Amino acid sequence: TLSSAKSLLQHERLELIINQLRLLKLIEKIAKWVNAEDKTLLDGWVLVSGIQNTTISPDKIDSVIQKIVRDIWIELNDSLTSIEKVSIINHVFYELYNFELNSPDIYAPENCLINNLLVSRKGNLISLATLYCIIAQKLNLPIHPIGIGQYLILGYYEPQISREVYGENADPYLFYISMEHKGAIIGAKELEYIVHENKESIENAIPFNEGMLLKKLLLYLRQCYQLKGIKEKVIVTEKLLDKFKKY
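Notes on the structure in this doc start here. (Residues numbered from 1 in each chain as written. Predicted model: local features only at pLDDT ≥ 70, side-chain atom pairs only at ≥ 80, totals over all residues. Heavy atoms only, no water.)

Examining the sheet that holds strand S6 (residues 184–186)
Link 1 in the chain: One open sheet holds the 5 strands; their spatial order is S6-S5-S4-S3-S7, and the pairing between them is antiparallel. Here the strands that pair on one side only, and so sit at the sheet edges, are S6 and strand S7 (205–207). Averaged over all neighbouring strand pairs, the angle between strand axes comes to 35 degrees, with direction disregarded.
Link 2 in the chain: Where strand S3 (residues 143–148) and S7 come together, 3 bridges link them in antiparallel fashion. Bridging from a neighbouring strand, Gly147 pairs with Ile206 of S7.
Link 3 in the chain: Running at roughly 155 degrees to strand S4 (residues 151–157), helix H9 (residues 210–228) makes contact with S3, S4 and S7 of the sheet. (Pairing = 2+ DSSP bridges. Helix = DSSP H or I, 4+ residues; strand = E, 2+ residues; numbered from the N terminus. Axes fitted to C-alpha atoms, helices over the stretch in contact; angles between N-to-C directions. Contact = heavy atoms within 4.5 Å.)

Given below as structure tokens:
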């Protein structure tokens, strides 16, 4: 009937307005996060993940991450070397919790979103590296993301020990952690080889801050939406990326 068609149309319009308002609120929150002095990577990622689900509970996400952190912390002690500490993280992260690359569907947008990653345990290189960094931060371990062109690696920042081991002109990163190979520990020489294989140059290595890492994740998310043909999400992602211009 005409009245039910009219009410359906009104309902759709209302849905559209609600979604537009949610989107504006999300963009506003992200802009606030970008300009904040004391921001955390996790808070920013929870906001970015609101692109698909605005009802994410930050508390639930935090409690899942805290449990992973506790399971690692129990195994750690001060007598362990840096490599042994990373081996423990890898054991808990990859073997106990079964986090892995979603190889069959590496361009699934869900791989980029923190709430989906914690449930499915499947991600891409950038989302797994981001989660790994958050866990390391909470354990006070100096594991930093490093961008080399399109390539992303994690570095264990220990300049003093690195100089003692490798001499005065040593790389400040004692070793690197590859998310492609389940947290495999690699040296500077191996990294040069991998970077060369990826047609990048080691000279372009830049330590990433929170904003740069999330921007990289958003760029990848946009690519996922483009490949899946989800045009409206491509537009939303671009609006969010607009707020990350300073990175």
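What to know about the layout of surface pockets
Link 1 in the chain: In this structure, the largest pocket encloses a volume near 470 Å³.
Link 2 in the chain: Lining the largest pocket we find 19 residues, and of these Ile126, Gly149, Gln150, Tyr151 and Lys216 sit closest to its centre.
Link 3 in the chain: If you list the elements that add at least two residues to the lining of the largest pocket, you get helix H6 (125–138), S4 and H9.
Link 4 in the chain: Per-element accounting of the lining of the largest pocket gives the leading share, 6 residues, to H9.
Link 5 in the chain: Classifying every residue of the lining of the largest pocket by side-chain character gives 10 nonpolar, 5 polar and 4 charged.
Link 6 in the chain: Estimated volume of the second largest pocket: approximately 350 Å³.
Link 7 in the chain: The wall of the second largest pocket is formed by 15 residues, among which Asn19, Leu23, Ile51, Lys233 and Val236 lie closest to the centre.
Link 8 in the chain: Grouping the constituent residues of the lining of the second largest pocket by class yields 5 nonpolar, 6 polar and 4 charged. (1 Å grid on protein atoms, 1.4 Å probe; cavity = no way out; pocket = protein on both sides within 12 Å on 5 of 7 lines; lining within 4 Å. Points joined across faces, edges and corners; volume = space filled by probe spheres on them. Nonpolar A, V, L, I, M, F, W, Y, C, P; charged D, E, K, R; others polar.)

Describing empty space enclosed by the protein
Link 1 in the chain: Under the criterion given, the structure shown has 1 cavity of 30 Å³ or more.
Link 2 in the chain: In this structure, the largest cavity spans a volume of roughly 40 Å³.
Link 3 in the chain: Every residue lining the largest cavity is listed: Leu125, Tyr151, Leu152, Ile153, Ser178, Met179 and Glu180.
Link 4 in the chain: In terms of residue count, the dominant contributor to the lining of the largest cavity is S4 (3 residues).
Link 5 in the chain: Within the lining of the largest cavity, the residues separate by chemical class into 5 nonpolar, 1 polar and 1 charged.

Scope: geometric values only; no functional claims are made or implied.
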